[in-house]
Amino acid sequence: MPTPESFTIELAATPDTVGVARAQIDRLAGALSDQTMEDARLLVSELVTNSLRHASLSPDQTIGLSFTLLDRSLRVEVRDPGPGFSPAIRGTRSTDDAGWGLFLVARLANRWGVHHDGGNSVWFELDEATMEASSDEP
Amino acid sequence: MSEPATSIENVDGMVVVRASGDLDLASAPALERALTESLQDGQVETLTLDLRALSFMDSTGLRVVLATDARMRAQGRELFVIKGPPSVHRVFELALLEERLRFVEPAERGGSDADA
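No experiment lies behind these values; they were computed from the predicted model shown. (Residues numbered from 1 in each chain as written. Chains lettered and ligands numbered in written order. Predicted model: local features only at pLDDT ≥ 70, side-chain atom pairs only at ≥ 80, totals over all residues. Heavy atoms only, no water.)

**What to know about the overall build of chain A**
Within chain A one finds three helices and five strands. When its helices and strands are written in sequence order, chain A yields β-α-α-β-β-α-β-β. Within chain A, buried positions represent 46% of all 138 residues. Residue pairs at least 24 apart in sequence account for 61% of intrachain contacts in chain A once pairs closer than 6 positions are excluded. For chain A, the exposed surface amounts to about 6,900 Å²; the carbon and sulfur share of it is 50%. (Helix = DSSP H or I, 4+ residues; strand = E, 2+ residues; numbered from the N terminus. Buried < 20%, exposed > 50% of the residue type's maximum accessible area, 1.4 Å probe, protein only. Contact = heavy atoms within 4.5 Å. Areas by Shrake-Rupley, 256 points an atom, 1.4 Å probe, with all protein chains shown as cover.)

Laid out in structure tokens, this is it:
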């Protein structure tokens, strides 16, 4: 089966969805390096978790994910119908609850952003390392 | 995706909580319960959290570890963490928490049995 260049999926707003969303990254195997896939799994997990924690969704509402393979990068967008949240990135000193997810997004993503258009949407892009720089393959 | 599980063991008088599978929003409550249960015994001064069998962890797991560490410190107790595989440990590194948590080698804190 060829690797799709882009796809979208709607998932129920339940905790199990976090793992289901992560597993979607496997559909892009072959098109992305192992490191990019690992990073993408983590960031998808963070964004879907953010939606579930902050959007006050009921289980019959859905979270929409879109995955797009660009020239040398992956773009993922996560949308929920909730009111959104301010993208406060935490400092690293306190143990309070919020902010770790977006902190990791900000550390790993090459580009990311938030927009509100009736719902709430967060996206990120991960660039593939250049071929010269990748040394994880024997 | 691996099936998540947690177990609590007493090894030579040390309490070891082992987490396995994917640690995320869906599985974190079970780990939190296991940790809370382990700490109910006031005699327990240290607890070891073994992350070696985790296949994935995100910031939800990170929060559980941090909250447990903070709670134990406040009570004058100490949490030891046995590192997970690289993809799991990387989350601690990215969050700049390697210095703040007490990572130990398995043999130091009741983890040697689980090595094949």
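**Considerations on the pattern of salt bridges**
Should their charged atoms come close, side chains of opposite charge can pair. Overall, the coordinates contain 15 salt bridges over all chains when judged by the stated rule. Of the charged contacts in the structure, one is a salt bridge between R22(A) and D22(B), with a shortest N-O distance of 2.9 Å. With one member in each of two chains, R22(A) in helix α1 (residues 17–23) and D22(B) in strand β2 (residues 14–23) form a pair that bridges those chains. One exposure class covers both R22(A) and D22(B), and it is buried. Here the residues in one salt-bridge network are R75(A), E77(A), R111(A), E125(A) and D127(A), joined through shared partners. (Salt bridge = Lys/Arg side-chain N within 4 Å of Asp/Glu carboxyl O.)

**Concerning the nonpolar core**
Residue and element names in this part refer to chain A. Counting residues in each nonpolar core, the largest one holds 67 residues, and the members touching the most others are V44, V48, L65, F67 and F124. Top element by residues in this core is helix α2 (residues 34–54). It accounts for eight residues. Apart from the residues within four sequence positions on either side, V48 is in contact with T17, V18, A21, I63, L65 and V78. (Core = buried A, V, L, I, M, F, W, Y, C linked by side-chain atoms within 4.5 Å.)

**Things to note about the interface of chain B and chain A**
By convention, interface size is frequently given as the accessible area that disappears when the constituent parts associate. On the side of chain A, 28 residues touch chain B, which itself brings 23 residues to the contact. Summing both partners gives a buried area of about 2,100 Å² for chain B against chain A, and 60% of it is carried by carbon and sulfur. Three residues stand out in chain B for area buried against chain A, namely L25(B), R63(B) and L94(B), and they jointly supply 30% of the buried area on that side. Across the contact surface, chain B and chain A share four salt bridges. Residues R22(A) and D24(B) are paired through a salt bridge, measuring 2.9 Å at the closest nitrogen-oxygen approach. Across the contact surface, chain B and chain A share six residue pairs in polar contact (both at pLDDT 80 or more). Only β3 (46–57), α2 (59–74) and α3 (86–94) of chain B provide two or more residues apiece to the side of chain B that touches chain A. A per-class count over the side of chain B that touches chain A returns 13 nonpolar, three polar and seven charged. (Buried area = accessible area lost by both parts, 1.4 Å probe. Polar contact = N/O pair within 3.5 Å; in protein donor to acceptor, adjacent residues only side chain to side chain. Nonpolar A, V, L, I, M, F, W, Y, C, P; charged D, E, K, R; others polar.)

**Quick word on the pairing of strand β1 (residues 5–11) of chain B**
Residues and elements named next belong to chain B. Pairing geometry for β1 and β2, over seven bridges, is antiparallel. Opposite S7, over in β2, you have R18 as the bridge partner. In this structure, the hairpin formed by β1 and β2 is closed by a connection of two residues, where D12 is found at a positive phi of approximately 50 degrees. (Pairing = 2+ DSSP bridges.)

**Structural notes on the sheet that holds strand β2 (residues 62–69) of chain A**
Within a sheet, neighbouring strands are paired by backbone hydrogen bonds and run either parallel or antiparallel to one another. All names here are of chain A. Pairing within the open sheet is antiparallel, and its five strands lie in the order β1-β2-β3-β5-β4. Pairing within the sheet leaves two strands with one partner each, and these edge strands are β1 (6–12) and β4 (111–116). Between one strand axis and the next, the sheet turns through 15 degrees on average, direction left out of account. Alignment of strand β3 (residues 73–80) against strand β5 (residues 120–127), held across eight bridges, turns out to be antiparallel. Bridged to D80 within β5 is N120. Its contacts with the sheet place α2 against β2, β3 and β5, and it is angled at close to 170 degrees to β5. (Axes fitted to C-alpha atoms, helices over the stretch in contact; angles between N-to-C directions.)

**A closer look at the packing of aromatic side chains**
Scanning the model with the defined rule gives three aromatic pairs over all chains in all. Between the aromatic rings of F7(A) and F67(A), the centroid separation amounts to 4.8 Å while the plane-to-plane angle is 20 degrees, which identifies the pairing as stacked. Of the two residues, F7(A) sits in strand β1 while F67(A) sits in strand β2, which places them 60 residues apart along the sequence. Taking the centre distance of 5.2 Å and the plane angle of 75 degrees together, the rings of F92(B) and F103(B) count as edge-to-face. Linking F92(B) in helix α3 with F103(B) in strand β5 (residues 103–104), this pair joins segments that are 11 residues apart in sequence. In this structure, F92(B) and F103(B) share a single accessibility class: buried. If you follow R22(A) out to its NZ or CZ, it ends over the ring of F56(B), 3.9 Å from the centre. Over the ring of F7(A) we find R27(A), and its NZ or CZ is 3.7 Å from the ring centre. (Phe/Tyr/Trp six-rings, centres within 6.5 Å; stacked < 30°, edge-to-face > 60°. Lys NZ or Arg CZ within 6 Å of the ring centre and 35° of its normal.)

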